[in-house]
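Structural description and commentary
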Amino acid sequence: MAHYLIINTGGTIGMAETPSGLAPQAGLLKSTLLSDDRLAAWQEHSLSWQEWQPLIDSSDIRPGHWYELRDQIISADCDGVLIIHGTDTLAYSAAALSFLLAGSGKTVVITGAMRPLIQANSDGFDNLTLALDVLTRQQPEVFVAFNGRCLPASRVSKVDTAADSAFMTPNWSDSLWSQPPGTNSLDLNRPWRPSALGVQTLFPGMPMDGLMSMVDRNYRALVLNTYGSGNVMTDSALERILEKASDQSIPVFVRSQCLFGEVHLGQYAASSLLSKVGAVACGSMPLEAVLAKLQILCSQYNSASDVVEGFTQPWAREWQSL
């Protein structure tokens, strides 16, 4: 018999019908898990509970909540931690916790459901059963258990609003599990500090006002969702903006709008501007992981060079590639 901590933040899995629609109901998840025959395997273990008051929709999750979860998990004396989370921002929280808990030795599994446990066809029962199976492996990482798959927390994206297979891991292969997740020698125990990050998706005919505003307001970092393997349009205004960002020590991080494949700056002449201003390629990391890691680093450091150095270090499988 193992001892597991269950942290219930809210989400669809523990919702009940109300006059205004589905809403989180305190105690519903706990009572179901402790009594339903479909979850009998959980009932063989010692369980501790931390249920957030109030339970929240995951759309209301903020970075401060990531740090609250980190502190709860670090201080927990147990064999593993299950986090119940709504699906809308689950990928962001999963990525953030994979970084905040890198090297902690903790086994953490995050799950939720597309349909609540009160419905007979809820996918939550299978997800909870899978989560327990992953916990029993005692592998010290952060995982997402969903739709029959154990997924690396730093590589997950939500790609469907309704299907049980709502999450996928582009550019990930289960063969990569054989590699070590990475190392994190940083002390990330400082409290959360908000930082302004800018995200801009390029598109034909895009006005440059928004990007210029981010630089003028001295954002801590910029993330560009570029074309192909890291290409941008030829535009004198864009060139001026990125040069100004470089002059102001605002690092620029480059993703691809493509779901599959990696960023390779310098492969095409259309990426030469980004190379010129010292932009950082994000490899095949999903947007959720890029933003979570940058928010943590910008909270940790004041220096742009420290943020860039920390970003390029592999912590939790985010840099692994096929």
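We now turn to the structure provided with this report. For every chain, the first residue of the written sequence is number 1, and numbering continues from 1 along that sequence. Under the rules for a predicted model, residues below a pLDDT of 70 receive no local features and side-chain atom pairs below 80 are neither given nor counted, while totals for whole chains, interfaces and linings still include all residues. Hydrogens and water molecules were not included; the side-chain quantities draw on all heavy atoms of the structure.

Considerations on the pairing of strand β8 (residues 149-152)
Side chains on a regular strand alternate between the two faces of the sheet. Two strands pair if DSSP finds at least two bridges between them. Strands are runs of DSSP state E lasting at least 2 residues, helices are runs of H or I lasting at least 4, and numbering of each runs from the N terminus. With four bridges connecting them, strand β7 (residues 142-146) and β8 associate as antiparallel partners. By the bridge assignment for β8, Phe 146 is matched with Arg 149. As consecutive antiparallel partners, β7 and β8 are separated by two residues, and within that stretch Asn 147 has a phi angle of approximately 50°, a positive value.

Observations concerning the state of the cysteines
Two cysteine sulfur atoms form a disulfide, by the criterion used here, when they sit within 2.5 Å. As enumerated under the stated definition, the model contains zero disulfides in all. Cys 150 supplies the cysteine sulfur nearest to Cys 78, a cysteine that is in no disulfide, at a spacing of 17 Å. We note that Cys 298 lacks a disulfide partner, and the nearest cysteine sulfur, in Cys 282, lies 12 Å from it.

As for the packing of helix α2 (residues 63-75) against helix α3 (residues 90-100)
Every angle, taken between N-to-C directions, lies between 0 and 180 degrees, and every axis is a line fitted to C-alpha atoms, over only the stretch in contact when it is a helix. At a minimum axis separation of 10 Å, α2 and α3 run at an interaxial angle of 50°. Looking at the two axes, α2 sits oblique to α3. Crossing angle aside, the handedness with which α2 passes α3 is right-handed. Residues Trp 66, Tyr 67, Leu 69 and Arg 70 of α2 lie in contact with α3, whose contacting residues are Tyr 92, Ser 93, Ala 96, Leu 97 and Leu 100. Throughout, the ten residues Ala, Val, Leu, Ile, Met, Phe, Trp, Tyr, Cys and Pro are labelled nonpolar, Asp, Glu, Lys and Arg are labelled charged, and all others, Gly among them, are labelled polar. Of the residues that constitute the contact of α2 with α3, the class distribution is seven nonpolar, one polar and one charged. The cut-offs work like this: below 35 degrees is roughly parallel, past 145 is roughly antiparallel, 65 to 115 is roughly perpendicular, and the gaps in between are oblique. Left-handed describes a crossing whose near helix is turned anticlockwise from the far helix through less than a right angle; right-handed describes the clockwise counterpart. Contacts are assigned to residue pairs that have any heavy atoms within 4.5 Å of one another.

Description of the side chain of Thr 87
Relative to the elements of secondary structure, Thr 87 occurs in the loop between β5 (80-84) and α3. For every residue, the accessible area (1.4 Å probe, protein chains only) is compared with the maximum for its type, and the residue is labelled buried under 20%, exposed over 50%, or partly exposed between those bounds. With relative accessibility at 7%, the residue Thr 87 sits in the buried group. Leave out the neighbours within four places in its chain, and Thr 87 touches Ser 58, Ala 113, Met 114, Phe 146, Lys 158 and Phe 167.

Quick notes on α2
Multiplying 1.5 Å by the residue count of a helix minus one yields the expected span of that helix. A rise of 1.5 Å per residue sets the reference length of α2, with its 13 residues, at 18 Å; its end C-alpha atoms lie 19 Å apart and thus fit the reference within 8%. Lining the buried residues of α2 we find β1 (3-8), β4 (46-51), β5, α3, β6 (108-111) and α8 (287-300).

Details of helix α5 (residues 209-216)
For α5, the set of buried residues is Leu 211, Met 214 and Val 215. In a view along the axis of α5, the buried residues occupy a sector of 95°, so they form one face of it. On its buried side, α5 packs onto β11 (197-201), β12 (221-226) and α6 (236-247). At the C-terminal side of α5, Asn 218 shows a positive phi close to 60°. For this quantity, the arc is that covered by the directions from the helix axis to the C-beta atoms.

Remarks on the sheet that holds β5
Judged by pairing direction, the sheet is mixed, and its six strands sit side by side in the order β4-β1-β5-β6-β7-β8 without closing on themselves. Of all strands in the sheet, those with a lone pairing partner are β4 and β8, marking the two edges. The mean angle between the axes of side-by-side strands here comes to 25°, regardless of whether they run parallel or antiparallel. Strand contacts of α2: β1, β4, β5 and β6, with the helix running at about 165° to β1, the strand carrying the most contacts. Strand contacts of α3: β5, β6 and β7, with the helix running at about 155° to β7, the strand carrying the most contacts.

What to know about the sheet that holds strand β13 (residues 252-256)
Here we have four strands laid out as an open sheet, ordered β11-β12-β13-β14, and parallel in their pairing. What marks the edges here is a single partner per strand, and that holds for β11 and β14 (280-281). Two elements, β12 and β13, share five bridges in a ladder whose sense is parallel. Bridge pairing in β13 places Leu 222 opposite Val 252.

What to know about the packing of α3 against α8
Packing of α3 against α8 leaves a shortest axis separation of 8 Å and a crossing angle of 50°. Taken together, the axis directions place α3 and α8 in an arrangement best described as oblique. Once α3 is placed against α8, the crossing between them reads as right-handed. Here Ala 91, Tyr 92, Ala 95, Ala 96, Phe 99 and Leu 100 of α3 come into contact with α8, specifically with Glu 288, Ala 289, Leu 291, Ala 292, Lys 293 and Ile 296. Tallied by class, the residues present in the contact of α3 with α8 amount to ten nonpolar, no polar and two charged.

Distances and angles like these do not, on their own, reveal function.
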